[in-house]
Amino acid sequence: MKFFGSAKIFTVLLLLLPAARPAVLHAPRRNPPVNVPGRPFPTNVPGRPIPTSSIPTSSSPTTTSSPTGPSATTEVQRGQTGTLMVLPTQLAAAGLKQIPGKFVAHVIPLALNDAPDPAHPFIAPRPGDQRGPCPAMNTLANHGYISRNGITTFEEVTNGMMEAFNMELHFAAGLAALNFVTRGNTFVNKISIGGVSPLVPPLPGNIDGPVTGGIAKHGRFEGDASISRADAAIGDNRNFQEKVYDLDLVQLSKFGDNGPDGNNTVLNVKTLVEMEKALFNADQTADRQFSFPARRMFAAYGQAAFLMTVFANGTTNQTTLPILNSFFRNETFPPNWFRAASPITGATNAKISSQIAAAIPTLPGRNNAKGVYIADPAPPAPFNSSLPCAGYFDQAANTPSVLQNTTGIFKQNVDLMTGILFGGASANPGCTQFAPPSGPTGV
Ligand code: HEM
């Protein structure tokens, strides 16, 4: 593949990403591919009326005003009430902050100043609450930064990532958008951070099958060689797996830096590289159906980088063994943990993920029937210009094409999501073409 021809060029490309725009997670737009360099992020306007002529299969939209919040535009389609999604605004106060927060001294007696934030205590999930393969989402839900039942909206999850992890707005929105178009209901604006839930209906008219999968459903985004979950074909891809996580800890004990918790207990890039190699090798051998296409390679390296960017304690910029254990095993914020001192952008994360990619020569690919790993064909230009761009193209090819046939609020929401994703992908030089959702439905 062209972009793998020179690891050095690839690294340089990723480092060039503008700080204010998301570098990751790739995906599509509903229109036929066109070149729109520098296209601004779309913004749905709450309360904006939708012309009824553009909604042939649904009833007229209704704009409802709430006395406590912005007006929400809703629309009924096949028994479901759709809601216009809106890109939140970047947090104004986005500096170092202890998470969960603390009582404010002047509001309550000093003696209680160290007591934990009453709004965000850890509460273990209750029966029926959804949890899934993402340690960050599970932690947000366990602390009430998103709904504790594990069913969230685009705005809630984007705001939760900004507040608790100091993710930059567009980066956070891109991660949410990617999961919404692949495994959420983009009409009613709901997604499960676990599996199928009665609270997230199938898309109107069951256009993507009789259920909405939730982010744990394998195939579109969730994939193989995870840090702490098994491959779906051979085990539990949703819940924490000690055996898989142990592979990571072995690498940390060999390559980690020394720190306050002992020798080889602080994460560094070398450890992440060795971790990714070990996870790949173990699953490629054990899982006959192993697959590591461009979208998964890009996501996997990005998620490994999160361990050093998002999970690091903002006061030390270090991710230690106890911090890793807290997020992965207990799905709770570590004691005395502070979010990053400044918003984490796609470029921040790409500084680490590009080093991982540059250090591992493996091409995107999959096992054949004999269990031999074969590289995938390169994507067409310009999607072969970088791993993020190839991942974007591949993700679009695995996002249901029926999203292109939507109308009214549903269409506006799809356009918002796919526009955000293209905004992220096009931050990579040369990645100038939209890729519309063109994948199979019901998978
Ligand atoms: C603060 C932002 C986020 C961080 C730090 C984060 C972190 C991570 C990490 C470290 C993993 C790897 C887990 C493993 O391989 O065992 C992961 C996996 C995953 N995350 Fe997140 N995540 C974030 C946002 C999101 C959002 C917004 C969603 C969806 C709503 C999401 C969905 C997923 C899914 C589906 C996986 C499974 C991927 C796989 O292993 O196949 N993540 N995330």
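Up top is the structure.
First, a word on scope: everything that follows refers to the structure included in this document. (Residues numbered from 1 in each chain as written. Predicted model: local features only at pLDDT ≥ 70, side-chain atom pairs only at ≥ 80, totals over all residues.)

## Considering unusual backbone geometry
Consideration 1: Cis rather than trans, the peptide bond between isoleucine 99 and proline 100 has omega equal to -10°.
Consideration 2: Examined against the element boundaries, proline 100 turns out to sit in the loop between strand S4 (97–98) and helix H2 (135–142).
Consideration 3: Residue alanine 381 is joined to proline 382 through a cis peptide bond whose omega torsion reads 5°.
Consideration 4: Mapping proline 382 onto the fold places it in the loop between strand S12 (373–375) and helix H10 (387–396).
Consideration 5: The phi dihedral of alanine 225 is positive, around 60°, even though this residue is not glycine.
Consideration 6: By the element assignment, alanine 225 lies in the loop between strand S6 (191–192) and helix H5 (242–255). (Helix = DSSP H or I, 4+ residues; strand = E, 2+ residues; numbered from the N terminus.)

## A few points about the pairing of strand S8 (residues 262–266)
Consideration 1: Pairing analysis gives 2 bridges linking strand S7 (residues 257–259) to S8, with the strands arranged antiparallel. Note on S8: the bridge partner recorded for glycine 259 is glycine 262.
Consideration 2: Between S7 and S8, which pair antiparallel in sequence order, lie 2 residues. (Pairing = 2+ DSSP bridges.)

## Concerning the packing of helix H6 (residues 269–286) against helix H9 (residues 346–359)
Consideration 1: With their axes 9 Å apart at the nearest point, H6 and H9 run at an angle of 55° to one another. As far as their axial angle goes, H9 and H6 are oblique. By crossing handedness, the relation of H6 to H9 is classed as right-handed. Taking contact as the criterion, the partners of Val269, Leu272, Val273 and Glu276 in H6 are, on H9, Ile352, Gln355, Ile356 and Ala359.
Consideration 2: Residues that form the contact of H6 with H9 fall into these classes: 6 nonpolar, 1 polar and 1 charged. (Axes fitted to C-alpha atoms, helices over the stretch in contact; angles between N-to-C directions. Parallel < 35°, antiparallel > 145°, perpendicular 65-115°, else oblique. Left-handed = near helix turned anticlockwise from the far one by under 90°. Contact = placed C-beta atoms within 7 Å. Nonpolar A, V, L, I, M, F, W, Y, C, P; charged D, E, K, R; others polar.)

## Things to note about helix H8 (residues 321–330)
Consideration 1: Buried residues of H8: Ile323, Leu324, Phe327 and Phe328, and no others. On an axial view of H8, the arc spanned by its buried residues comes to 110°, and they lie on one face.
Consideration 2: Where H8 is buried, its residues meet H2, H5 and helix H7 (294–309).
Consideration 3: Following H8 by one or two positions, glutamate 331 adopts a phi angle in the positive range, close to 50°. (Buried ≥ 20, exposed ≤ 12 C-beta atoms within 10 Å, placed from the backbone. Arc of directions from axis to C-beta.)

## A look at the packing of helix H3 (residues 154–165) against helix H4 (residues 169–183)
Two quantities define a packed helix pair, namely the angle between the axes and the distance from one axis to the other.
Consideration 1: Two elements in contact, H3 and H4, have axes whose closest approach is 9 Å; the angle formed by their N-to-C orientations is 140°. With respect to H4, the element H3 is oriented oblique. Note that H3 runs across H4; the crossing there is right-handed. Seen from H3, the contacting residues are Phe154, Val157, Thr158, Met161 and Met162; seen from H4, they are Leu169, Ala172, Ala173, Ala176 and Phe180.
Consideration 2: When its residues are assigned to classes, the contact of H3 with H4 shows 9 nonpolar, 1 polar and no charged.

## Re the site of the ligand
Consideration 1: Taken together, 26 residues surround the ligand, and among them Cys134, Ala136, Ser226, Ile227 and Ser228 come closest.
Consideration 2: Residues belonging to the shell around the ligand are distributed by class as follows: 19 nonpolar, 5 polar and 2 charged. (Near = placed C-beta within 6 Å.)

## Observations concerning H2
Consideration 1: Here H2 lies mainly inside the structure; 8 of its 8 residues are buried.
Consideration 2: Contacts made by the buried residues of H2 are with H3 and H8.
Consideration 3: Two residues or fewer after H2 comes glycine 144, characterised by a positive phi angle close to 70°.

## Focus: the sheet that holds S12
Consideration 1: Spatially, S9-S11-S12 is the arrangement adopted by the 3 strands of the open sheet, whose pairing is antiparallel. Bordering the open sheet on either side are strand S9 (291–292) and S12, each of which pairs with just one other strand.
Consideration 2: Relative to strand S11 (residues 365–367), S9 runs antiparallel, the two being bridged by 2 bridges. Note on S11: the bridge partner recorded for serine 291 is arginine 366.

## Quick word on the environment of leucine 279
Consideration 1: In this fold, leucine 279 is placed in helix H6.
Consideration 2: Since 22 C-beta atoms lie within 10 Å of it, leucine 279 is described here as buried.
Consideration 3: Between the alpha carbons of leucine 279 and alanine 225 there is a distance of 5.3 Å; along the sequence they are 54 residues apart.
Consideration 4: If we skip the residues at most four places from it in the chain, leucine 279 touches Ala225, Ile227 and Leu247.

## Brief notes about the nonpolar core
Consideration 1: One finds Ala172, Ala177 and Ala304 to be the most contacted residues of the largest nonpolar core, which totals 97 residues.
Consideration 2: If one sorts the elements of this core by residue count, H7 sits on top with 11 residues.
Consideration 3: Discounting residues that sit within four places of it in the chain, alanine 172 has contacts with Thr158, Met161, Met162 and Met167. (Core = buried A, V, L, I, M, F, W, Y, C linked by C-beta atoms within 7 Å.)

Spatial relationships are all this shows, so hold off on functional conclusions.
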